[in-house]
Amino acid sequence: MSVAVAVQKGRTIAIAADTQENFGDRRVLRGDHSSSKIMKVGASYIAQTGWGLYENILSDYLAKAGTPRFRNEREIFVFFNRFWKRMRKDYSFVNDQPMEDDKSPFADLDASFLIVNSGGIFHVTGQMSVTRFKRFDAIGSGGPYALGALHTLYGEKLDAGEIARRGCAAAVHFDVSCGGELDLFTVKLERPLRA
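Rules behind the numbers
Residues numbered from 1 in each chain as written. Predicted model: local features only at pLDDT ≥ 70, side-chain atom pairs only at ≥ 80, totals over all residues. Heavy atoms only, no water. Salt bridge = Lys/Arg side-chain N within 4 Å of Asp/Glu carboxyl O. Core = buried A, V, L, I, M, F, W, Y, C linked by side-chain atoms within 4.5 Å. Buried < 20%, exposed > 50% of the residue type's maximum accessible area, 1.4 Å probe, protein only. Helix = DSSP H or I, 4+ residues; strand = E, 2+ residues; numbered from the N terminus. Contact = heavy atoms within 4.5 Å. Pairing = 2+ DSSP bridges. Axes fitted to C-alpha atoms, helices over the stretch in contact; angles between N-to-C directions. Polar contact = N/O pair within 3.5 Å; in protein donor to acceptor, adjacent residues only side chain to side chain. Parallel < 35°, antiparallel > 145°, perpendicular 65-115°, else oblique. Nonpolar A, V, L, I, M, F, W, Y, C, P; charged D, E, K, R; others polar. Expected span 1.5 Å × (residues − 1).

**Considering the pattern of salt bridges**
And then number 1: In this structure the tally under the stated criterion is six salt bridges.
And then number 2: Taken together, the salt bridges that share partners define one network made up of E162, R165 and R166.

Written out as structure tokens, the structure reads:
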């Protein structure tokens, strides 16, 4: 239960996320603990929403596998495909998660990821499909609130970081599962994308 957003405006991409930690229905008290939901991996930032254990699993996997390059949708898909296979092999406590639509032929990570780097904004769904976004995206339980704010704010004279911050703030305001301080990082695009 979280929110993470990414915004590209001009040649800057900002990624932001809340830091509230939840254990089921229990929110960890502010000031006692916070969880960074964004990790730096090489030249990329990865934000994760879903089970908090993914942060531990992904960190452990990356320590063993090395630093991947996330230059495009294919490289990201290949990475997550390998990650999925190793997760099933090396972490015996990971169960196959049932999809909301139990007739789906696809696996479910039960987590979503946003990746930003000089190549753009990439969203990895729980079913491991990878989509590149040119303006903005949001994930997590607070994602719908953040997307509404991002849509409204994108045309304003605000930079990518301020739009991302305000998008997260909207989610924190309306979604009880989001909260804490906000983490925010920026990267420069290789070349501007057409919106």
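Let us keep going from here.
**Remarks on the nonpolar core**
And then number 1: If you look at the biggest cluster of nonpolar residues, it comprises 24 residues, and the most contacted ones within it are F80, F83 and F113.
And then number 2: Counting residues per element, the ones that place at least two in this core are β5 (38–41), α1 (53–65), α2 (73–90), β7 (111–117) and β8 (120–124).
And then number 3: The element that contributes the greatest number of residues to this core is α2, accounting for six residues.
And then number 4: Setting aside its immediate chain neighbours within four residues, F83 contacts Y54, I57, L58 and Y61.
And then number 5: Core analysis: the next-biggest nonpolar cluster, separate from the first, contains 20 residues, L158, A160, A164 and A171 among them.

**A short note on the sheet that holds strand β10 (residues 136–139)**
And then number 1: Reading across from one edge, β10-β1-β2-β11 is the order of the four strands in this open sheet, with antiparallel pairing throughout. Two strands bound the open sheet, and with one partner strand each, they are β10 and β11 (182–188). In this sheet, neighbouring strand axes are inclined to one another by 10° on average, regardless of whether the strands run parallel or antiparallel.
And then number 2: Across the sheet, helix α3 (residues 143–153) touches β1 (4–9) and β10, and the angle it forms with β10 is around 160°.
And then number 3: Where helix α4 (residues 160–174) meets the sheet, it contacts β1, β2 (12–18) and β11, and its direction lies at approximately 20° from that of β2.

**Details of the side chain of N117**
And then number 1: By the secondary structure assignment, N117 is in strand β7.
And then number 2: At 2.7 Å, the side chain of N117 forms a polar contact with the backbone oxygen of F70.
And then number 3: A polar contact of 2.7 Å, which involves the side chain of N117, links it to the backbone nitrogen of G119.
And then number 4: If we skip the residues at most four places from it in the chain, N117 touches I13, A43, S44, F70, F122 and V187.

**Examining the sheet that holds strand β9 (residues 130–133)**
Two orientations exist for strands paired in a sheet by backbone hydrogen bonds: parallel and antiparallel.
And then number 1: Spatial ordering of the open sheet is given by β5-β6-β7-β8-β9, a layout of five strands whose pairing is antiparallel. The open sheet has two edge strands, β5 and β9, and neither has a second partner. Averaged over all adjacent pairs, the angle separating strand axes in this sheet is 25°, with direction ignored.
And then number 2: The pairing of β7 with β8 spans five bridges and is classified as antiparallel. When the bridges of β8 are listed, N117 appears paired with G120.

**Section: the side chain of D137**
And then number 1: Along the chain, D137 turns up in strand β10.
And then number 2: One polar contact links D137 to H123, side chain to side chain, over a distance of 2.5 Å.

**With respect to the packing of α1 against α2**
And then number 1: At a minimum axis distance of 11 Å, the contact between α1 and α2 shows a crossing angle of 105°. What the angle tells us is that α1 and α2 run roughly perpendicular. Of α2, the residues touching α1 (which contributes Y54, I57, L58, Y61 and L62) are F79, R82, F83, R86 and M87.
And then number 2: Grouping the constituent residues of the contact of α1 with α2 by class yields eight nonpolar, no polar and two charged.

**Structural notes on the environment of A16**
And then number 1: Along the polypeptide, A16 turns up in strand β2.
And then number 2: Separated by 149 residues in sequence, A16 and R165 have C-alpha atoms that sit 6.5 Å apart.
And then number 3: Each residue touching A16, except ones within four places of it in the same chain, is listed here: V3, A4, V5, I38, A164, C168, D183 and L184.

**Digging into α2**
And then number 1: Compared with the 26 Å implied by 1.5 Å per residue over 18 residues, the 25 Å span of α2 between its first and last C-alpha is a close match.
And then number 2: Among all positions of α2, only E75, I76, F79, F80, F83, W84 and M87 are buried.
And then number 3: Buried residues belonging to α2 abut α1, β7, β8 and β9.
And then number 4: For α2, the N-terminal cap is N72; the gap from its side-chain oxygen to the backbone nitrogen of R74 is 3.1 Å.

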